[in-house]
Amino acid sequence: PPSADWERQALVKARPCAGDAAVGQGVAEVALRAAYLRPAPPPERVHHLRMRMEKELAGERLGGGRRRYDLKLGRGGLADVEFAVQWLQMKSGQDPRVRTTETEVALQALETCGYLDANTAAVFREGYRFLRRLEQRLRVLHGTSAQLIEEGAPGLAPLARRMGMREGPRGTAADALLQRYESVTRDIRAAYLALLGVE
């Protein structure tokens, strides 16, 4: 069932962080077996969960009025990379080299071990780094765990400058940031769909 898939996928990220070391190790071993030592869930079910998350939880507005984007849960956001990587880790989980809780480490391992082609790995890696950097600067700028950016918002120009965007003949720094964001998330979504083999 889909809920079991979601729970199992979450176990890819499970790691002990406090408490009794022996108990933590025991739990980590159970999580490892559940996450990696069974066939991966069908990609259609993983995608279904991802689309529900995007539809029900993302705060995006892509048409009509000012566009608003959700860095984590929106179309082509961080969750696309994380879902794709976690699914591929579960699919390749018999190989202990791909078992890690860190997305970027997993990307490198999956590519090095031949489970992920270099072009797709590059799209995910570069997109993930861009979105993480944007997320960090957004938090510093607003002092909250905000994950939304909105066209025309007062904080967009300072955020764009913190991301290294400048005014130019093609528009403002804020315009450049939104164009870069749209390009990155479009590429991530295309790579995510291709990897899972879904539309």
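Residues numbered from 1 in each chain as written. Predicted model: local features only at pLDDT ≥ 70, side-chain atom pairs only at ≥ 80, totals over all residues. Heavy atoms only, no water.

Draft legend 1. Spatial organisation of the nonpolar core. Counting 44 residues, the largest nonpolar core has Phe124, Phe130, Leu134, Ile149, Leu177 and Tyr181 as its most contacted members. Among the elements of the structure, α3 (43-57), α4 (78-91), α5 (103-112), α6 (118-142), α7 (156-162) and α8 (173-196) are those that each provide at least two residues to this core. The leading source of residues in this core is α8, at 10 residues. If we skip the residues at most four places from it in the chain, Phe124 touches Val81, Ala84, Leu107, Ile188, Ala191, Tyr192 and Leu195. (Core = buried A, V, L, I, M, F, W, Y, C linked by side-chain atoms within 4.5 Å. Buried < 20%, exposed > 50% of the residue type's maximum accessible area, 1.4 Å probe, protein only. Helix = DSSP H or I, 4+ residues; strand = E, 2+ residues; numbered from the N terminus. Contact = heavy atoms within 4.5 Å.)

Draft legend 2. Looking closely at the packing of aromatic side chains. This model, assessed by the stated rule, comprises one aromatic pair. Judged by centre distance (4.9 Å) and plane angle (50°), the ring pair of Tyr69 and Tyr181 falls under tilted. Residue Tyr69 is found in strand β1 (residues 68-70), and its partner Tyr181 is found in helix α8; the two are separated by 112 residues along the sequence. The pair formed by Tyr69 and Tyr181 is uniform in burial state, with each residue classed as buried. (Phe/Tyr/Trp six-rings, centres within 6.5 Å; stacked < 30°, edge-to-face > 60°.)

Draft legend 3. Fine view of the pattern of salt bridges. As enumerated under the stated definition, the model contains 16 salt bridges in all. A salt bridge links Arg61 to Glu150, with the nearest nitrogen and oxygen atoms 2.6 Å apart. A residue pair is termed long-range when its members are at least 10 positions apart, and Arg61 in the loop between α3 and β1 and Glu150 in strand β2 (residues 148-150) qualify at 89 residues. (Salt bridge = Lys/Arg side-chain N within 4 Å of Asp/Glu carboxyl O.)

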